[in-house]
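Descriptive analysis of the structure
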Amino acid sequence: MKANKGHELRADVLGQLLLMQSIICNLPDEKSIFSFTCRGLIDLPGIQTAVHVREQKPERDGSRLSFPLCSGDTDFGSLVLTVDDYDLFAPYKDYVNNFCFMIAVILEERCKSQKNKELCVQLEKRVEDRSTSLRESREQFHAVFKSTSDALIIADESGSLVEANEAAASMFGYTPEELLGLQVIIVANLKPAKLMGVTSQGMVLAAKEVVDGRERMVLTTVRNSVAVGTKVA
Amino acid sequence: MTDSSSTISLGFTENRFPAGVHVCQIISQEEERQESLFKFLLAGLQEGESTCCFSENVDEAVLKEFLGNYGVSFNDVIDSGALTLSGTREVYFHQHIFSPERMLALLQEYHLKSEALGFPNARVIGEMLPEVQSIEGGNRLLEYEARVSLLLKKYPVTAVCQYDARQFDGSTIMDILKVHPWMVVRGSVVHNPFHIPPEEFLATKCEGTCQ
């Protein structure tokens, strides 16, 4: 390979830049990356020293060449190389520029990846907090649900009973377990009426029978599942 | 023992290499370190080589299970002397001193012993500990690695040196690369363009520390 001003472009130097790029991906942090890079760059033809600085520097300042480490909007400062033989280094200048850009890309990707990790941790924490809060809320609800003297039943979307408290079971003459899974008929569009101080617009259909001289309710259920909202004919 | 023109498998890459290659592996994850180490040992044992490992982090039960999955009996290879496991500190930092001369003598002896026992080749994988940077003699680490490269030309023990990038400074990693002719990059073993031939390195780069 021939470079400008008659200097040979050495393949091993280019290979060195490429491999440095690969190894950088394995290094743990910015400090390690720049210390590795600066040590490697001083082996380039014509280079005397290499340092990483936080700020942007003029492209050329005497014997110093500055290479920006920018990717998108992210600025990681610049690499400043002290050149003792510019003609010797000149063929590699563009390659070093690209190399610095790639370092910036790698660092930017790491920042994004780190931010994503932090976001994931935050999200996991929020989910955990919400789950805890939901669990506590459910526990409180269940404590009230179980202990209240009001008969309470909960039906799922298909109209099947999924929960019933002791008061409901006692009122209907079932155990709470016997009530679970029953698809009962709830009439939900009655004229509002006050029952025991509470406004009610609905009722669960049940038959009242007398067994051994005692009244008990037998809930009306359907043999086949019917859609919620079906009118009682 | 077969001559140095015979090729061997390193286990963690498909390519084959001449016996006696000196490889540097820069690792950044524990899983990566263990996977390469186990595969390197397995490949050696499968090829009937004398196989040795210097590490503080080998769980024998896990290694036993790993080798067992490939039909290699851990107990058999230990009993036959095909596999030797030692702690890094015990070997490298004997009496709290890092002595290149002692280590080189050990390597030479290991090769000669393996040869005498009829093994076709010998291999070693070693994990360097960060305390080498502070221990007496630790400033001769690069000299040692360069001299290993020289020694392996005469006594071709296949050697893989593992360095943890999280425990060594970046510039030290670069210096370490310069004294290894081969390096592992993302699972592939490649010729190291940073490598300085040991003769040149010992003559010019380690003035003041070389003995």
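Predicted, not measured: the structure shown is a model, and the values here were computed from it.

Considerations on the sheet that holds strand β3 (residues 22-27) of chain B
All names here are of chain B. Read from one edge to the other, the open sheet built from seven strands follows the order β5-β4-β6-β7-β3-β8-β9, with strand pairing classed as mixed. The open sheet has two free edges, formed respectively by β5 (83-86) and β9 (188-191), since each of these has just one partner strand. Averaged over all pairs of adjacent strands, the angle between strand axes in this sheet comes to 20°, irrespective of strand direction. Contacts from helix α6 (residues 141-154) reach β3 and β7 (157-164) within the one sheet, and its direction differs from that of β7 by about 160°.

Quick notes on the interface of chain B and chain A
Contact with chain B, which involves 21 residues of that partner, is made by 17 residues of chain A. Taking both sides of the interface into account, the surface hidden between chain B and chain A amounts to around 1500 Å²; carbon and sulfur atoms contribute 63%. Counting the surface chain B buries against chain A, the share from its top three residues, Met174, Pro193 and Phe194 of chain B, is 29%. Applying the counting rule to chain B against chain A returns two salt bridges. Across the pair lysine 178 of chain B and aspartate 43 of chain A runs a salt bridge whose closest N-O atoms are separated by 2.9 Å. Put simply, chain B and chain A have six residue pairs in polar contact (both at pLDDT 80 or more) between them. Of all the elements in the fold, those that place two or more residues in the side of chain B that touches chain A are α7 (170-178), β8 (182-185) and β9 of chain B. At seven residues, α7 of chain B tops the list of elements feeding residues into the side of chain B that touches chain A. Its residues assigned to classes, the side of chain B that touches chain A comprises eleven nonpolar, four polar and six charged.

Concerning the packing of helix α2 (residues 30-41) of chain A against α7 of chain B
At a minimum axis separation of 6 Å, α2 of chain A and α7 of chain B run at an interaxial angle of 45°. As far as their axial angle goes, α7 of chain B and α2 of chain A are oblique. Note that α2 of chain A runs across α7 of chain B; the crossing there is right-handed. Contacts between α2 of chain A and α7 of chain B pair Ser32, Ser35, Phe36, Arg39 and Gly40 of chain A from the former with Gly170, Ser171, Ile173, Met174, Asp175, Leu177 and Lys178 of chain B from the latter. The residue makeup of the contact of α2 of chain A with α7 of chain B, split by class, is four nonpolar, five polar and three charged.

Rules behind the numbers
Residues numbered from 1 in each chain as written. Chains lettered and ligands numbered in written order. Predicted model: local features only at pLDDT ≥ 70, side-chain atom pairs only at ≥ 80, totals over all residues. Heavy atoms only, no water. Pairing = 2+ DSSP bridges. Helix = DSSP H or I, 4+ residues; strand = E, 2+ residues; numbered from the N terminus. Axes fitted to C-alpha atoms, helices over the stretch in contact; angles between N-to-C directions. Contact = heavy atoms within 4.5 Å. Buried area = accessible area lost by both parts, 1.4 Å probe. Salt bridge = Lys/Arg side-chain N within 4 Å of Asp/Glu carboxyl O. Polar contact = N/O pair within 3.5 Å; in protein donor to acceptor, adjacent residues only side chain to side chain. Nonpolar A, V, L, I, M, F, W, Y, C, P; charged D, E, K, R; others polar. Parallel < 35°, antiparallel > 145°, perpendicular 65-115°, else oblique. Left-handed = near helix turned anticlockwise from the far one by under 90°.

Keep in mind these values describe shape, not function.
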